[in-house]
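One letter stands for each residue in the lines below.
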Amino acid sequence: GAGVSQSPSNKVTEKGKDVELRCDPISGHTALYWYRQSLGQGLEFLIYFQGNSAPDKSGLPSDRFSAERTGGSVSTLTIQRTQQEDSAVYLCASSLALLADNEQFFGPGTRLTVL
Amino acid sequence: GNSVTQMEGPVTLSEEAFLTINCTYTATGYPSLFWYVQYPGEGLQLLLKATKADDKGSNKGFEATYRKETTSFHLEKGSVQVSDSAVYFCALSALEYGNKLVFGAGTILRVKS
């Protein structure tokens, strides 16, 4: 595809349910990042992948959050037992390589609403 | 840790006015600096960047200069247009931290015709 895609674009779930958010990076991009955008916290880093490994998971808010990347491409962010404070827009970005000036290209985001 | 502080908004200007959005950072080492923009209903996109001291990034009439001595990266435009209305985010990244972006809080810009 031409850009980073994310699915679903919107997700409404009930408190306590699990959700999976998907990110398809730009083909050939080795680095993939997850961020969260919420009114109270702004834009926060969650986790990044270089290939299939995640050297930095420091931004994951709790052990209810996990992510994986397979085949150096698609990534899935899973939130277990969702809470209302998980409501936010989850953004995925990819970059060609792990170089200092590499631009990160962002997807349109998944808007998660936890009722 | 690394952090970014940018001026709070909203900033409301008339068309053709001069724009400055202040951004300062705290970082160890030599981060790369970025301005990202989010237009209404659209995703985040890179506006401009600078990777070393005294570099000037520019795009679409916007400019920002990497000032190491004042740890700043202020965004400027000489003459804003209504179409510049958006949220602007200053950010930094450092290779030793995997290039993850650390964002400022964002500044809403509203340009009136």
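That block above? That's the structure.
Described in the following lines is the structure provided in the data block. (Residues numbered from 1 in each chain as written. Chains lettered and ligands numbered in written order. Predicted model: local features only at pLDDT ≥ 70, side-chain atom pairs only at ≥ 80, totals over all residues. Heavy atoms only, no water.)

## Here's the deal with the state of the cysteines
Here's step 1: What the rule picks out here adds up to two disulfides over all chains.
Here's step 2: Linked covalently through their sulfurs, Cys-23 of chain A and Cys-92 of chain A form a disulfide whose S-S length is 1.8 Å. Taking the sign of the S-S torsion, about -65° here, the bridge from Cys-23 of chain A to Cys-92 of chain A comes out left-handed. Of this pair, Cys-23 of chain A sits in strand E3 (residues 19–24) while Cys-92 of chain A sits in strand E9 (residues 88–95), and the two are 69 residues apart along the sequence.
Here's step 3: Overall, Cys-23 of chain A belongs to the buried group, its relative accessible area being 0%.
Here's step 4: There is a disulfide in this structure between Cys-23 of chain B and Cys-90 of chain B, and the S-S distance comes to 1.9 Å. On the sign convention where negative means left-handed, the S-S torsion of about -70° between Cys-23 of chain B and Cys-90 of chain B marks this disulfide as left-handed. Of this pair, Cys-23 of chain B sits in strand E4 (residues 23–26) while Cys-90 of chain B sits in strand E10 (residues 86–93); the two residues are 67 residues apart in sequence, bridging distant segments of the chain.
Here's step 5: On the accessibility criterion, Cys-90 of chain B (1% relative accessible area) is buried. (Disulfide = S-S within 2.5 Å. Helix = DSSP H or I, 4+ residues; strand = E, 2+ residues; numbered from the N terminus. Buried < 20%, exposed > 50% of the residue type's maximum accessible area, 1.4 Å probe, protein only.)

## Remarks on the pattern of salt bridges
Residue and element names in this part refer to chain B.
Here's step 1: Evaluated as defined, the whole model comprises seven salt bridges over all chains.
Here's step 2: Two residues, Asp-55 and Lys-52, come together in a salt bridge whose shortest N-O distance is 3.4 Å.
Here's step 3: Overall, Lys-52 belongs to the exposed group, its relative accessible area being 51%. (Salt bridge = Lys/Arg side-chain N within 4 Å of Asp/Glu carboxyl O.)

## Quick word on the packing of aromatic side chains
Residues and elements named next belong to chain B.
Here's step 1: Tallying each qualifying case throughout the model produces twelve aromatic pairs over all chains.
Here's step 2: Centroid distance Tyr-36 to Phe-103: 6.0 Å. Interplanar angle 65°. Geometry classified as edge-to-face. Of this pair, Tyr-36 sits in strand E5 (residues 32–38) while Phe-103 sits in strand E11 (residues 102–103); the two residues are 67 residues apart in sequence, bridging distant segments of the chain. (Phe/Tyr/Trp six-rings, centres within 6.5 Å; stacked < 30°, edge-to-face > 60°.)

## Focus on the interface of chain A and chain B
Here's step 1: Between chain A and chain B, the residue contacts involve 16 residues of the former and 17 residues of the latter.
Here's step 2: Contact between chain A and chain B buries roughly 1500 Å² in total, counting both sides, with carbon and sulfur atoms accounting for 56%.
Here's step 3: There are one salt bridge connecting chain A and chain B.
Here's step 4: For the salt bridge of Lys-100 of chain B with Asp-56 of chain A, the shortest nitrogen-to-oxygen distance reads 3.0 Å.
Here's step 5: Linking chain A to chain B there are six residue pairs in polar contact (both at pLDDT 80 or more). (Contact = heavy atoms within 4.5 Å. Buried area = accessible area lost by both parts, 1.4 Å probe. Polar contact = N/O pair within 3.5 Å; in protein donor to acceptor, adjacent residues only side chain to side chain.)

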